[in-house]
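Fold and geometry: a report
Chain by chain, the residues:
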Amino acid sequence: MKLSVLALGVLLLQSAASSLADAQDAADLRIVVSVAVGRADGGDRRAVDGEVDPGTIGKTARWAFSRLTDQCGMGVRAEPVGDLAQASDGTTKNVYSAWAVQVTPARRVGDAVTFRLEWKRTRDNGKPSPIRDNTEVTLRPGQSLSLDLMPQSPEAPPHSCKEVMKALSLSVALKHHPEPNHDRRLIAVDLWLVERLPNGKERSQPLSLRGQYNQPIPFYFDTLTAPTKSLDLFGDLQIAPGQRITEITITTRTRVVDLTPPPRPAQYPAGSPWPPPDYVGSTTATLRLVPGEVVSVPLPPVGNPYTHDAAAFAARALSFRMRVRQIR
Amino acid sequence: MSPNYEVISDFLDAEAFEPRALGEALADPVGREILIDFVVLRYAAQADDPVAPESRAHWRPSRLLFAAAAVLVALIGGYEVGHRQVGPDLTRPPAAARVVAVDWHSVPEESGR
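Residues numbered from 1 in each chain as written. Chains lettered and ligands numbered in written order. Predicted model: local features only at pLDDT ≥ 70, side-chain atom pairs only at ≥ 80, totals over all residues. Heavy atoms only, no water.

1. Some thoughts on the sheet that holds strand β18 (residues 295-298) of chain A
- Strand order in the open sheet made by the five strands is β12(A)-β11(A)-β19(A)-β18(A)-β1(B), with mixed pairing throughout. Among the strands making up the open sheet, the edge pair consists of β12 (202-211) of chain A together with β1 (98-99) of chain B.
- In terms of strand pairing, β18 of chain A meets β1 of chain B through two bridges, oriented parallel. From the neighbouring strand, Ser-296 of chain A faces β1 of chain B, where its bridge partner is Val-99 of chain B. (Pairing = 2+ DSSP bridges. Helix = DSSP H or I, 4+ residues; strand = E, 2+ residues; numbered from the N terminus.)

2. Describing the layout of surface pockets
Residues and elements named next belong to chain A.
- Its boundaries defined by the atoms lining it, the largest pocket holds a volume of some 890 Å³.
- What lines the largest pocket is a set of 38 residues, among which Leu-29, Pro-141, His-176, Asn-214 and Gln-238 lie closest to the centre.
- Contributing elements (two or more residues each) for the lining of the largest pocket: α1 (2-25), β1 (28-39), β2 (43-52), β10 (165-177), β15 (229-240) and β16 (246-258).
- Here the residues of the lining of the largest pocket are counted per class, giving 10 nonpolar, 15 polar and 13 charged. (1 Å grid on protein atoms, 1.4 Å probe; cavity = no way out; pocket = protein on both sides within 12 Å on 5 of 7 lines; lining within 4 Å. Points joined across faces, edges and corners; volume = space filled by probe spheres on them. Nonpolar A, V, L, I, M, F, W, Y, C, P; charged D, E, K, R; others polar.)

3. Digging into the confidence of the model for chain B
Residues and elements named next belong to chain B.
- Taken as a whole, chain B shows an average pLDDT of 68; of its residues, 50% reach a score of 70 or greater.
- No element of chain B has a lower mean pLDDT than helix α4 (residues 53-86), which averages 56, and none a higher one than β1, which averages 95.
- Scoring the predicted complex yields pTM 0.67 and, for the interface, ipTM 0.72. (pLDDT = per-residue confidence, 0-100.)

4. A closer look at the side chain of Arg-185 of chain A
- Within the secondary structure, Arg-185 of chain A sits in the loop between β10 and β11 (187-196).
- A distance of 2.8 Å separates the side chain of Arg-185 of chain A from the side chain of Asp-183 of chain A, its partner in a polar contact. (Polar contact = N/O pair within 3.5 Å; in protein donor to acceptor, adjacent residues only side chain to side chain.)

5. Some words on the pairing of strand β6 (residues 92-109) of chain A
Residue and element names in this part refer to chain A.
- Across eight bridges, the pairing between strand β3 (residues 61-68) and β6 is antiparallel. For Arg-62, the partnering residue across the bridge sits in β6 and is Gln-102.
- In this structure, strand β5 (residues 84-86) lies alongside β6, joined through three bridges in antiparallel fashion. What sits directly across from Leu-84, in β6, is Asn-94.
- A loop of five residues connects β5 with β6, the two strands running antiparallel in sequence, and Gly-90 in this loop sits at a positive phi of about 90°.
- In this structure, β6 lies alongside strand β7 (residues 112-123), joined through 11 bridges in antiparallel fashion.

6. Points about the interface of chain A and chain B
- Between chain A and chain B, the contact holds 34 residues from the first and 21 residues from the second.
- Note on chain A versus chain B: buried area summed over both sides is about 2,300 Å², and carbon and sulfur give 60% of it.
- Between the two partners, chain A and chain B, sit one salt bridge.
- In this structure, Glu-293 of chain A and Arg-98 of chain B form a salt bridge, with 2.6 Å as the shortest nitrogen-oxygen distance.
- Seen at the junction of chain A and chain B, the total is nine residue pairs in polar contact (both at pLDDT 80 or more).
- Every element with two or more residues in the side of chain A that touches chain B is listed here: β11, β12, β16, β17 (279-289), β18 and β19 (317-326) of chain A.
- It is β17 of chain A that provides the largest number of residues to the side of chain A that touches chain B, a total of nine residues. (Contact = heavy atoms within 4.5 Å. Buried area = accessible area lost by both parts, 1.4 Å probe. Salt bridge = Lys/Arg side-chain N within 4 Å of Asp/Glu carboxyl O.)

Encoded structure:
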């Protein structure tokens, strides 16, 4: 009886663990083509987009982005538009400005996605246009490319809109999927800044962080001080999900400030903080670890190695200690 | 999951017992009540037992020893469970399972003066 209960417990634990791993695998990438509406008041606003899974190699996705006469925004549909199109209220209107876009994923190497992109202006302020392009693009997650900017005539209808539409811009990006608003997964990071003292003991600062996969999780440690300098250490972590291995990209920023600065020069710009930092540096690294595992990551030397700015902290043996786990 | 209270009886009867299970049982308030009940019951039973005074006197030190041990186990068990409920002390980093020597790359950034 006890053995059967034990076996059931093991099975339940395995099931929970595998469903967690499956949830992590669901995160992937999307090629996103979007048209933003540029307004005189408010600047560029994301309007509409179409997206395709880069894993569908060789399969072409098509979209038509269009602004209809007497419409204040943009529309997107899968079929091409002609001179006329149906508005959201069911009425037929003239197409005022439009693009036809097609994307064909070609290959994926790691997180770099290559795809064939073909686009053309099918309507430009109520007229046909010869402007088009057909190119191969490679993007990594978070990267984007502007493709075309179509100024909009101030005389163009609709006159009923409060906002003045200045331009429409077409762009393509590679984004993580699902987008943060739809991603319920939550990760917890225990992060310590550890300093090993000359007597062998450790001094540490703890931080307890929470964030989402593929999104920067910022951290800020308290200032470290030396007799004449102070060191601000901050940065962000970006964590990519994996079935058994979690990949973490750490970006560490250091700022060394003189604690005994000379008097502020009279001509120094008003409103600018005094003293300016001796040094501002940024380093990045990627590591892989098992969820729940505690690892130590030695920090690179602080400051510019070619100046004396970092000398005050050169002997400080600093490292991160971290543990990452998914809690939802 | 509720602790195994039978281990308290095994302990008082001087039978083989699992120290960790006893600690868990005594860390629980119910377990401590059971311990007290068992001790009182055994004391009452021995008081009614028509044994020779010499014999009872012979057992008294060991009973005291048992009681002292029970109190000690209860204290340690209670401390351990209380410590577990508070959670890990995040102010002190746990020992690292391994040191990861990463390859740091400089990122172009604005420089100071």
